[in-house]
Amino acid sequence: MPEGFLKITYHYAPAGSAKKLNIFVPMPSDQFDHLYSEIERYLFEKRDLPVCNFRIYWIDSDSDEIDLSNQRDYVIFLAKCEKNMHLHIAIDDDLSNFITHKGIECDSCKACPLIGFRYRCMQCPNFDLCQACESAHKHPKHFMVRIPANQHRA
Ligand SMILES: [Zn+2]
Ligand SMILES: [Zn+2]
């Protein structure tokens, strides 16, 4: 596990404005879950910033934003950015991860209620997939559309 400090830039205003907070924190851990809870604890408990959903990303040498959302991503970040540990946190105003679709069942894994993005088949009557099943291509032959996040909010 790399020693030292991690720089975090928290973009805490909605897109378009440039408000940000730069902080250094001791490298929390090589575990993504631990990193995530440390960030939450720091921003929302120590700094008392408004609690929100956020996403984590870093900027690679081509100036692309690389999403960091699980342990696998984190391992890559640690390997690639050993000398320049800099993460960006941005408010994720898409709250769809937390939407519960009451009474809607995923027709692949049978999760009910369906939580998160809901995908609906354009060809089959009444065929829905959850986010995980859609990304695993559980219904590959047909065209799926994402149901807008502001509908069916529980
Ligand atoms: Zn499913
Ligand atoms: Zn279908």
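Once a new chain begins, its residue numbering starts again from 1 and follows that chain's sequence as written. The naming scheme follows written order: chains are lettered A onward, ligands numbered 1 onward. Totals for whole chains, interfaces and linings use all residues, but because this is a predicted model, local features are given only for residues with pLDDT of at least 70 and pairs of side-chain atoms are given and counted only at 80 or more.

(A) Examining the sheet that holds strand β4 (residues 65-68) more closely. Strands are labelled as partners when DSSP assigns at least two bridges between them. Helix numbers and strand numbers start at the N terminus; a helix is a DSSP run of H or I with at least 4 residues, a strand a run of E with at least 2. Across the sheet, which stays open at both edges, the 5 strands sit in the order β2-β1-β5-β3-β4 with mixed pairing between neighbours. Each edge of the sheet is formed by a strand with only one pairing partner; in this case those strands are β2 (20-26) and β4. Strand after strand, the sheet turns through a mean of 30° between neighbouring axes, direction not considered. Relative to strand β5 (residues 86-91), strand β1 (residues 5-11) runs parallel, the two sharing 5 bridges. Bridged to His11 within β5 is Ala90. Angles here are taken between N-to-C directions and fall from 0 to 180 degrees, while the axes themselves are lines fitted to C-alpha atoms, restricted in helices to the stretch in contact.

(B) Expanded view of the nonpolar core. As used throughout, a nonpolar core is a set of buried Ala, Val, Leu, Ile, Met, Phe, Trp, Tyr and Cys residues joined through C-beta atoms within 7 Å of each other. With C-beta atoms placed from the backbone, a residue is buried if 20 or more other C-beta atoms are within 10 Å of its own, exposed if 12 or fewer are, and partly exposed between those counts. If you look at the biggest cluster of nonpolar residues, it comprises 16 residues, and the most contacted ones within it are Ile8, Ile39, Ile56, Leu68, Tyr74, Leu87 and Ile89. Mapped by element, the contributors of at least two residues to this core are β1, α1 (32-46), β3 (54-59), α2 (71-80) and β5. The biggest single contributor to this core is α1, with 4 residues. C-beta atoms are first placed from the backbone for all residues, and any pair lying within 7 Å is then listed as a contact. Each residue touching Leu68, except ones within four places of it in the same chain, is listed here: Ile56, Tyr57, Trp58, Asp73, Tyr74, Phe77 and Leu87. Counting 7 residues, the second largest nonpolar core, distinct from the first, contains Cys106, Tyr119, Cys133 and Met144.

(C) Spotlight on α1. Given a rise of 1.5 Å per residue, 15 residues ought to cover 21 Å, and the 20 Å separating the end C-alpha atoms of α1 matches this to within 8%. Where the residues of α1 are buried, they touch β1, α2 and β5. Of the residues trailing α1, Asp48 is marked for its positive phi of about 60°. To estimate the expected span of a helix, subtract one from its residue number and multiply by 1.5 Å.

(D) Spatial organisation of the sheet that holds strand β10 (residues 144-146). Taken together, the 3 strands give an open sheet; going across it, the order is β9-β8-β10, and neighbouring strands pair in antiparallel fashion. Of all strands in the sheet, those bounded by a partner on one side alone are β9 (128-130) and β10. The sheet shows a mean angle of 30° between the axes of neighbouring strands, direction not considered.

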